[in-house]
Amino acid sequence: MSMLIRTSALTALTVAALAAGTVLTAPAAGAAPKAAAPKFLSASQLPPHPTSSWTAGPVTDGFPEELGLCVSTEGVPSYDYRHRQFRTDLDTSAVQLTVVTGTAAQAKALAKHYDDLIRTCAGRIEESSPDVEAEGRDYGKLPVEEGARVRGLHTETSWGAIDVALLSVGRDGRTVTVVKWGQMGNFGNAPVAAFKKTTSTAVDKLY
């Protein structure tokens, strides 16, 4: 299976997932007032890769398309979105999103919305893509700042593409962060314990 075919398949899944995503009920709002920008993970704080080092990209404004398979901005107010991508020399990648809202209550609602989207992601994928089998797993909550939760997602296509991802949502005050790690493989290949540590670091490091 070529990487071109595999990438095209994942792109199609992302579009379908975005179309099927649930909507957060929230009043229309402008961007949150500017404040100290939240800090991001560094490459060394990602789950260690057995044969390749991580490289961190620049912090960039906007919502990362890498989260589109499960999470989107549909129905969400125009908050301050920033993200950072991470790569290895092989097939493993990661991304961190930070969202600064207007109030702690808005952030709490947004964190729940994103967690709900991740929790229901496997079902939406299977509904929109009959050629894909998907399974989600709940790896539990983490006691960091206002809390975080880690979940897993495994997908397998009828033509043999197999991918696994770990996703987490955490909150500190009025800021929400989402972290995603992914590679080819299944749940047995996912570094759950290391990703939990990464998630705790991501939330604790925001401010």
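Residues numbered from 1 in each chain as written. Predicted model: local features only at pLDDT ≥ 70, side-chain atom pairs only at ≥ 80, totals over all residues. Heavy atoms only, no water.

(A) Summary view of the pairing of strand E7 (residues 162–172). The element E7 is extensively covered by neighbouring structure, given that ten of its eleven residues are classed as buried. The sheet contact formed by strand E6 (residues 148–157) and E7 spans nine bridges and is antiparallel. Looking at E7, one finds that Arg 151 is bridged to Leu 167. In sequence, E6 turns back onto E7 through a hairpin of four residues, with Gly 160 there showing a positive phi of about 105°. Inspection of the sheet shows E7 paired to strand E8 (residues 175–184) by ten bridges, in the antiparallel sense. Counted as the bridge partner of Val 164 is Gln 183 from E8. (Buried < 20%, exposed > 50% of the residue type's maximum accessible area, 1.4 Å probe, protein only. Helix = DSSP H or I, 4+ residues; strand = E, 2+ residues; numbered from the N terminus. Pairing = 2+ DSSP bridges.)

(B) Broad picture of helix H2 (residues 104–119). Compared with an ideal rise of 1.5 Å per residue, which puts 16 residues at 22 Å, H2 spans 22 Å between its outermost C-alpha atoms and is within 8% of the ideal. Those residues of H2 lying buried are Ala 107, Leu 110, Ala 111, His 113, Tyr 114, Asp 115, Asp 116, Leu 117 and Ile 118. Buried-residue contacts for H2 involve strand E3 (80–87), strand E4 (93–100), helix H3 (121–128), E6, E7 and E8. (Expected span 1.5 Å × (residues − 1). Contact = heavy atoms within 4.5 Å.)

(C) Local environment of the confidence of the model for the protein. Summing up the model confidence of the protein, the mean pLDDT is 87 and the portion of residues at 70 or higher is 83%. Low pLDDT, under 50, characterises residues 1–30; the predicted model gives this stretch 43 contacts beyond four residues in sequence or across chains. (pLDDT = per-residue confidence, 0-100.)

(D) Layout of the packing of aromatic side chains. Evaluation of the coordinates by the stated rule reveals one aromatic pair. Judged by centre distance (5.8 Å) and plane angle (80°), the rings of Phe 63 and Tyr 81 are edge-to-face. Taken as a pair, Phe 63 in the loop between strand E2 (60–61) and E3 and Tyr 81 in strand E3 lie far apart in primary sequence, 18 residues in all. Judged by its relative accessible area of 11%, Tyr 81 falls in the buried class. (Phe/Tyr/Trp six-rings, centres within 6.5 Å; stacked < 30°, edge-to-face > 60°.)

(E) Broad picture of the nonpolar core. Ranked by internal contacts, the top residues of the largest apolar core, which has 27 residues, are Val 99, Tyr 114, Leu 153 and Val 176. Sorting the residues of this core by element identifies E4, H2, H3, strand E5 (132–142), E7 and E8 as the ones contributing at least two each. No other element matches H2, which puts six residues into this core. Residues in contact with Leu 153, not counting those within four places in the same chain, are Leu 69, Cys 70, Cys 121, Ala 122, Ile 125, Ala 134, Glu 135, Asp 163, Val 164, Ala 165, Leu 167 and Phe 187. Counting 21 residues, the second-largest nonpolar core is a separate cluster that includes Leu 46, Phe 86, Ala 148 and Phe 195. (Core = buried A, V, L, I, M, F, W, Y, C linked by side-chain atoms within 4.5 Å.)

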